[in-house]
Structure formats: structure tokens, C-alpha cells
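# Secondary and tertiary structure notes
Spelled out, the chains give:
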Amino acid sequence: MQSLHLPTLTLLLLTLTLILTTTTTTSSTSSSSLPPTVKFYHPLSHSFVNESLLWQEISSHSVIFLGEEHDHVYGHYMEHLILERLIERHREAELLHESHHGRGGNAAAAHGNSLALSLEMFERDTQDWLTNYLSNDVSQQAFLSSSRPWPNYDTAYKPLVESMKTHQFSSVLAANVPRRYAHHVTLGLEKELFDMPDVELTYMAQEILAPQKGTYWDKFYELFKDQMPLEKIVLYYRAQCLKDDTMARSIEEWWNASSTQSHASKQVLSCTGGFHVENFAGLYEKVGLKLGEQVSRYLISIRSYDPSKPFPDLKEFENMGDLVIFMPPKRE
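Residues numbered from 1 in each chain as written. Predicted model: local features only at pLDDT ≥ 70, side-chain atom pairs only at ≥ 80, totals over all residues. Heavy atoms only, no water.

## Some thoughts on the overall build of the protein
This is how it is decided: In DSSP terms, a helix is any run of H or I states spanning at least four residues, a strand is any run of E spanning at least two, and both are numbered starting from the N terminus. What makes two residues a contact is simply this: any of their non-hydrogen atoms within 4.5 Å.
Assigned secondary structure in the protein consists of 14 helices and eight strands. Taking contacts inside the protein between residues at least 6 apart in sequence as the whole, the part at least 24 apart equals 76%.

In C-alpha cells:
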């Protein structure tokens, strides 16, 4: 019987350890950590489902959209659970490959490029700061002082960034357009915006796609019709669409540039406010236009509800997404 070389044996042991750890973590994450007040609604079947459907679906789709309520504390915890599950999947796939084929020169790069986290909460002109922080080339203080993090970064989004950093996944996308550009559009200065120097143009979409028809426009108009005249609504709608178009560009660029050396199917986890993606509109629709229908998408809406009050009318959520997760405001 031929003996195993030490590196091969070590990789096999690491793989076995990861599989056992993943199995244990999966069991504890998907059962004991989520109380019965967390409910999973499947609009297509008009029924509540077991959370095992969530873990199954996120493993089988390429781009996963999480539509959040920005101040939903428990919802941010759910986002972190989903990201951790995806990280486990990609780590396991890489270790399995290494156990059979050895660790080649591009293995580390492939590992870090198989999964991307796309965040509305960072803007494209801060990408270098985010990338350099992930690679330990700048301090956390320097990163935060230069990247304009949201006020609730520490509790809501830091856990996501730190999980990617800890597990050496280098693709965290500062996906959004700089807010000053969106503000230009609301002021009617769109032409001046697209006349900026080339370097500035790299921070935003190459065009604004904002048809004044369909689900997205209808939702936007309904939201603002009693607050401002139509002319102003159109400008704000175009600014909203600029954000979606820019985030779609960020995802498309990563998808096309990410390493083909990866041995796990490429995936993107996109975190935005629910309005950007719900009802399969906005960013969800625009990523489909960029990547094509052959790249599968899955939409999860995470909604807050009060268990002490009557449950929300499910008719409001029939076309909200592929899965709607109802959660109390905070962990119990």
C-alpha cells in the first residue's frame, strides 16, 4: 500500500475537520439559534416553510439578494448567519479540491475570489480603502475614517466585513454610487454629472435606466406622490435608479473579472435596503440585464414584525421575493 505524503495527509485531515465542523455548525445554526418567532414565508406556495429551504436555496443560486430594513437589529443577525453559511460552503469546496489535487500557486487567490459580498452601504470611491483593510494594508481606524461608514456600521455591517476578512475572502464590494452624485441628479444636474473627468465616471453607472412604467416606478410614485410634484419625483426616481445601475455595475464587474480558478461556483451576496430589490425590481432586475438569465438569482426579504400583535397580512408579501423572513425587532 502506497503511503500518503505528509502534505496530502494534512490536507485530508483539514478537510475532514472542516466537514465535521460545518455539519455541527449547520445543525446548531439552523435549529437552536432561531426561535419559533422567526418565520419563513414562501410566496409561491402561499405557505410557511421550514428554514431548511433557505439553506438549500442559497447554496444553489449565483446571486443572492438580501432586502433589509436598515434599522432591523435581528435582521442584521440573519444576514450574518447567511453569509457565514456561504463562507463555510466555499471553504469546504476549496479544501476538498486541495485534498485531491494539492494546493497550487493560485489556490489562495481562487479561494478568495469565489464569493463576493456586495454592500449598498459603501460607495465605489472608497473601494481601495475597503480592499486595503481586508488585506491588512491599512488599519481599521484609517479604513473607517476614510470610507464614510453608515452610523450603525459597528452593529449592522461590521460583522459581515470582519467575517470576510477573517476567512480571507477579499471581495467585499463598495457597490454604491457616491451620494453626492445621486444628489446632483435630484438637482437636475445629470448632464454635468456625466461630463465629469473619466476617473469620476468610474464611480458610477455608465447610464441611468429609469423607465417611468412598471413595478419599480409605480412603487416609487406611490411613495412620493403626496410629498412633491411629478417633476421632482422623476428626478428623485432617476437618482434612485442611478444607485441601482451603479450597484449592478459593481456586481457585473466582479462577476466578469473574478478568478476562473475557483473550484466552487461563483456567488454574490448582495445586501441592500428592501426597496432596491423587492418585487423582483430595481437592482434585482438590473443584475439580470447585466449578467443574463443564465445566472440564477434568489431574492430574500427580511421583515420585522411584532409577535405580540396580529401577524401582518400576507397578501402584502405575495410578490415580495422568493422567500420572506419575518423576525422580531431584536433577538430574544
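## Overview of the packing of helix α13 (residues 230-257) against helix α14 (residues 283-291)
Axes are the key here: two packed helices are described by the angle between their axes and the distance separating the axes. The test is simple: For every element, the axis is a line fit to its C-alpha atoms; helices are fit only across the contacting stretch, and the angle between N-to-C directions ranges from 0 to 180 degrees. For classification purposes, angles smaller than 35 degrees are called roughly parallel, those larger than 145 roughly antiparallel, those between 65 and 115 roughly perpendicular, and all remaining angles oblique. In this scheme the handedness of a crossing depends on how the near helix is turned from the far one: anticlockwise by less than a right angle means left-handed, clockwise means right-handed.
Their axes nearest at 9 Å, the elements α13 and α14 cross at an angle of 40 degrees. One element, α13, and the other, α14, form an angle in the oblique class. Handedness of the crossing formed by α13 with α14: right-handed. On the side of α13, the interface is formed by C241, D244, D245, M247, A248, R249, I251, E252 and W255, while α14 contributes L283, K286, V287, K290 and L291.

## A word on the side chain of R249
Let me state the cut-off plainly: As used in this structure description, the phrase polar contact means that two N or O atoms lie within 3.5 Å; if the pair is within protein, one of them must be able to donate a hydrogen and the other to accept it, and residues adjacent in sequence are counted only when both atoms belong to side chains.
One can find R249 in helix α13. A polar side-chain atom of R249 sits 2.7 Å from a polar atom in the side chain of E253. In this view, R249 contacts R124, L201, T202, M204, A205, Q206 and K290; residues no more than four positions away in its chain are not counted.

## Regarding the sheet that holds strand β5 (residues 171-176)
The condition is simple: Strands qualify as paired when DSSP identifies two bridges or more between them.
What the eight strands build is an open sheet, ordered β2-β1-β8-β7-β3-β6-β4-β5; its pairing is mixed. Each end of this open sheet is capped by a strand with a single partner; those strands are β2 (47-49) and β5. On average, each strand axis in the sheet is inclined to that of its neighbour by 25 degrees, with strand direction left out of account. Along the sheet, helix α5 (residues 127-134) makes contact with β4 (115-123) and β5, crossing β5 at roughly 165 degrees.

## Description of the packing of aromatic side chains
Heads up, the rule is: Pairing of aromatic rings covers Phe, Tyr and Trp, the last counted by its six-membered ring, and requires centre-to-centre distances within 6.5 Å; plane angles under 30 degrees mean stacked, over 60 mean edge-to-face, and any other angle means tilted. Working definition: with a 1.4 Å probe on protein chains only, accessible area under 20% of the residue-type maximum means buried, over 50% means exposed, and in between means partly exposed.
As enumerated under the stated definition, the model contains 22 aromatic pairs in all. Ring geometry for F311 and F326: centres 4.9 Å apart, planes at 65 degrees, overall edge-to-face. Here the residue F311 occupies a position in the loop between β7 (297-304) and β8 (323-327), and F326 occupies one in strand β8, the gap between them amounting to 15 residues. On the accessibility criterion, F326 (1% relative accessible area) is buried. Members of the aromatic cluster, each reached through a chain of ring pairs, are Y216, W217, F220, Y221, F224, Y237 and F275.

## As for helix α9 (residues 179-186)
Worth spelling out the cut-off: Here, the arc refers to the directions that run from the helix axis to the C-beta atoms.
All of the buried residues along α9 are Y181, A182, V185 and T186. Down the axis of α9, the sector holding all buried residues measures 150 degrees, keeping them to one side. A positive backbone phi angle near 80 degrees is found at G188, which sits one or two residues after α9.

## Remarks on the nonpolar core
Note the threshold: We call a set of buried residues a nonpolar core when its members are Ala, Val, Leu, Ile, Met, Phe, Trp, Tyr or Cys and they connect through side-chain atoms within 4.5 Å of each other.
Counting 44 residues, the largest nonpolar core has L54, M78, I82, I300 and I325 as the members making the most contacts within it. In terms of residue count, the dominant contributor to this core is helix α3 (residues 73-101) (eight residues). When neighbours within four sequence positions are excluded, I300 is seen to be in contact with L54, I58, I64, F65, L66, G67, I82, L323 and I325. Core analysis: the second largest hydrophobic core is formed by 22 residues, Y181, W217, A239 and A281 among them.

## Focus: the packing of helix α12 (residues 214-224) against α13
To keep it simple, the criterion reads: Note on residue classes: Ala, Val, Leu, Ile, Met, Phe, Trp, Tyr, Cys and Pro are nonpolar, Asp, Glu, Lys and Arg are charged, and everything else, Gly too, is polar.
Orientation of α12 relative to α13, taken along the N-to-C sense of each, is 130 degrees, at an axis distance of 10 Å. It follows from the interaxial angle that α12 and α13 lie oblique. Note that α12 runs across α13; the crossing there is right-handed. Across the interface between the two elements, Y216, W217, F220, Y221 and F224 of α12 pack against L230, I233, V234, Y236, Y237, Q240, C241 and D244 of α13. Across the contact of α12 with α13, the residue classes break down as 11 nonpolar, one polar and one charged.

## Examining the pattern of salt bridges
Just so we agree on the cut-off: Salt bridge, as applied in this entry: a Lys or Arg side-chain nitrogen positioned within 4 Å of an Asp or Glu carboxyl oxygen.
One pass over the full model with this rule turns up 14 salt bridges. Here D195 makes a salt bridge to K191, at a shortest N to O gap of 3.0 Å. Salt bridges sharing partners connect three or more residues here, namely E123, D125, R148, R179 and R180.

## Some thoughts on the pairing of β7
Among the eight residues of β7, six are classified as buried, and the element is accordingly described as predominantly covered. In this sheet, β7 lies alongside strand β3 (residues 63-68) in parallel orientation, the contact comprising five bridges. Following the sheet pairing, V63 is matched in β7 by R297.

## Digging into the environment of L54
Its place among the elements puts L54 in helix α2 (residues 52-58). The buried category is assigned to L54, whose relative accessible area is 0%. Along the sequence, L54 and D322 sit 268 residues apart, while their C-alpha atoms lie 9.8 Å from each other. When near neighbours in sequence (up to four residues on either side) are disregarded, L54 contacts F40, M78, I82, I300, L323 and I325.

Interpretation note: all reported values are geometric properties and have no functional meaning in isolation.
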